[in-house]
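Here is what each chain is made of, one letter per residue.
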Amino acid sequence: MDVVEIEKSKDRFRLLLDTKGRFVLQRISVEEATWKLCRVTKVFFGPKGVPSIVTHDGRTIRYPDPETKVNDTIKVDIATGKPVPGGLSKFGLGTTILITKGNNAGRVGTMTHIEKHDGSFDICTIRDAKGHVFSTRLENVFILGETRSS
């Protein structure tokens, strides 16, 4: 979900995965190039009780939205490194997701089921746009946003 900008040609791209797990560049607008999506990997209270979160790319953000939990996705302003107001996508059933690792890397679908396994890996079941159902580990899932009803 990183943003790449080429100054000479004034092109901006978002780095995504295709269905074979390869990096692809998606052309984006100037407004869209000011933010990126980050997956929350840790929520904790720091010194003096300051609430903080850690994202998948190593950012530590202090004073996040109080409703932010592990596995949620936040929209981060690239220039300031702070979350964009209203940019929180909650983790849960019915959300649109992207698979980032494993045999299903690059596939996009809707989360339909979560299996909790104590002492082992949690498993998510996903249904893609063609109706195919597949499963992957929870840590391979990246929330893109809420599912739109049509």
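Report follows, based on the coordinates.

Calculation rules
- Residues numbered from 1 in each chain as written.
- Predicted model: local features only at pLDDT ≥ 70, side-chain atom pairs only at ≥ 80, totals over all residues.
- Heavy atoms only, no water.
- Patch = residues over 30% accessible without salt bridge, like charges linked within 9 Å, V, L, I, M, F, W, Y side chains within 5 Å.
- Areas by Shrake-Rupley, 256 points an atom, 1.4 Å probe, with all protein chains shown as cover.
- Salt bridge = Lys/Arg side-chain N within 4 Å of Asp/Glu carboxyl O.
- Helix = DSSP H or I, 4+ residues; strand = E, 2+ residues; numbered from the N terminus.
- Buried < 20%, exposed > 50% of the residue type's maximum accessible area, 1.4 Å probe, protein only.
- Pairing = 2+ DSSP bridges.
- Axes fitted to C-alpha atoms, helices over the stretch in contact; angles between N-to-C directions.
- 1 Å grid on protein atoms, 1.4 Å probe; cavity = no way out; pocket = protein on both sides within 12 Å on 5 of 7 lines; lining within 4 Å.
- Points joined across faces, edges and corners; volume = space filled by probe spheres on them.

Moving on to a nonpolar patch on the surface. The grouping of Val-4, Ile-6 and Leu-25 at the surface amounts to a nonpolar patch, some 240 Å² of accessible area in total. For Val-4, the position within the fold is in strand β1 (residues 3–6). Judged by its relative accessible area of 33%, Val-4 falls in the partly exposed class.

Another point: the sheet that holds strand β8 (residues 83–89). Spatially, five strands are ordered β6-β5-β4-β7-β8 in an open sheet, and the strand pairing comes out antiparallel. Two strands in the sheet have a free side with no partner beyond their single neighbour: β6 (60–62) and β8. Geometrically, the sheet is characterised by an average inter-axis angle of 40° between neighbouring strands, direction not taken into account. The sheet contact formed by strand β7 (residues 73–77) and β8 spans three bridges and is antiparallel. Looking across to β8, one finds that Val-76 is bridged to Pro-83.

What follows is about the pairing of strand β4 (residues 35–45). Looking along a regular strand, one sees the side chains alternate between the two faces of the sheet. Sheet analysis places β4 next to β7, joined by five bridges and oriented antiparallel. For Trp-35, the partnering residue across the bridge sits in β7 and is Asp-77. Where β4 and strand β5 (residues 51–55) come together, five bridges link them in antiparallel fashion. Note that in β5 the partner of Phe-44 across the bridge is Ser-52. Counted between consecutive antiparallel strands, the loop separating β4 from β5 contains five residues, among which Lys-48 sits at a positive phi close to 60°.

With a phi close to 60°, Lys-48 is a non-glycine residue in the positive phi region. On the secondary structure map, Lys-48 appears in the loop between β4 and β5.

Spatially, three strands are ordered β1-β2-β3 in an open sheet, and the strand pairing comes out antiparallel. Two strands in the sheet have a free side with no partner beyond their single neighbour: β1 and β3 (23–27). Averaged over all pairs of adjacent strands, the angle between strand axes in this sheet comes to 35°, irrespective of strand direction. Where β1 meets strand β2 (residues 11–17), four bridges bridge the pair, whose relative direction is antiparallel. Bridge pairing in β2 places Glu-5 opposite Arg-12.

Another point: the layout of surface pockets. Taken as a whole, the largest pocket holds about 350 Å³ of empty space. Around the largest pocket sit 17 residues that line it, and Met-1, Leu-17, His-56, Thr-100 and Phe-142 are the ones nearest its centre. Listing elements by their share of the lining of the largest pocket, those giving two or more residues are β2, β4 and β13 (141–146). The element that contributes the greatest number of residues to the lining of the largest pocket is β4, accounting for four residues.

A word on the pattern of salt bridges. Scanning the model with the defined rule gives nine salt bridges in all. The shortest N-O distance in the salt bridge between Glu-5 and Arg-12 comes to 3.7 Å. The exposure class assigned to Glu-5 is partly exposed, which follows from its relative accessible area of 47%. Accessibility expressed as a relative area gives 17% for Arg-12, which makes it buried. When the shortest N-O distance is used, the salt bridge between Asp-18 and Arg-22 registers 3.0 Å.

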